[in-house]
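A look at the structure
Listed here are the chains, written in short residue letters.
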Amino acid sequence: MEDGTSESLGHCGDTGDDYDVLQWDTREDCEVRQILDRVADKWSLLVIALLDRRSLRFTELRRMIDGVSQRMLTRTLRHLERDGLVSRTVHPTVPPRVDYELTSLGTTLHSTIRELVTWTETHQNEIAAARTAYDARVLAEKRAAEAEAAERAEIARTALASTR
């Protein structure tokens, strides 16, 4: 085994006192990366937020999440259930009734998501201002590049015309 290679394929860093985001491995088999990919996608975040303090039926979740397809919501719920964040309860009725709720692990994640939403709400005006400034800067750079290209083209046309 190469020097510095972990014995465990799923091991890809530590978030202890010497936390360094560059320790996160970019390999497909990295557990940290896989978990972050799962819990940080938009549908998972919405499902976790909606299941806070109450269980919901699939149809209720679908109605509450604008733009999610039935297939995507089904996949999201299955992944969250597999990861131990959501529990699924099937009631023996006709038609069957299925409820989803956060597990205790999912509840701990919800508090983290709530902090992220609070941060976003606090800084949304700063982010909007930064986006506006960025868009204006990119537009100005594009216009300057177009003007420079037009000027060079005119110089080339003039030079070509004078050689004829």
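Scroll up to find the structure.
Conventions and cut-offs
- Residues numbered from 1 in each chain as written.
- Predicted model: local features only at pLDDT ≥ 70, side-chain atom pairs only at ≥ 80, totals over all residues.
- Heavy atoms only, no water.
- Helix = DSSP H or I, 4+ residues; strand = E, 2+ residues; numbered from the N terminus.
- Expected span 1.5 Å × (residues − 1).
- Buried < 20%, exposed > 50% of the residue type's maximum accessible area, 1.4 Å probe, protein only.
- Arc of directions from axis to C-beta.
- Pairing = 2+ DSSP bridges.

1. Overview of helix H4 (residues 70-82)
Taking 1.5 Å of rise per residue, the 13 residues of H4 would be expected to cover 18 Å, and the 18 Å separating its terminal C-alpha atoms lies within 8% of that figure. Of all the positions in H4, only Leu 73, Thr 76, Leu 77 and Leu 80 are classed as buried. All buried residues of H4 project into a common sector of 95 degrees when viewed along the axis, lining one side. In H4, the exposed residues that point more than 90 degrees away from the buried face are Arg 71, Arg 78 and Arg 82.

2. A word on the pairing of strand E3 (residues 97-102)
The side chains of a regular strand alternate between both faces of the sheet. As paired elements, strand E1 (residues 56-57) and E3 share two bridges and run antiparallel to each other. If you follow Arg 57 over to E3, its bridge partner there is Asp 99. As consecutive antiparallel partners, strand E2 (residues 86-91) and E3 are separated by five residues.

3. So, unusual backbone geometry
For the peptide bond that leads from Val 94 to Pro 95, omega is -10 degrees, which places it in the cis range. Residue position: Pro 95 is located in the loop between E2 and E3. Of note, the phi angle at Arg 53 is positive, near 70 degrees, even though the residue is not glycine. Mapped onto the secondary structure, Arg 53 falls in the loop between helix H2 (42-50) and E1.

4. As for the pairing of E2
Strand direction decides the pairing type here: E2 and E3, joined by six bridges, are antiparallel. In the strand pairing of E3, Arg 88 is matched with Tyr 100.

Take it as geometry only, folks, not as evidence of what the structure does.
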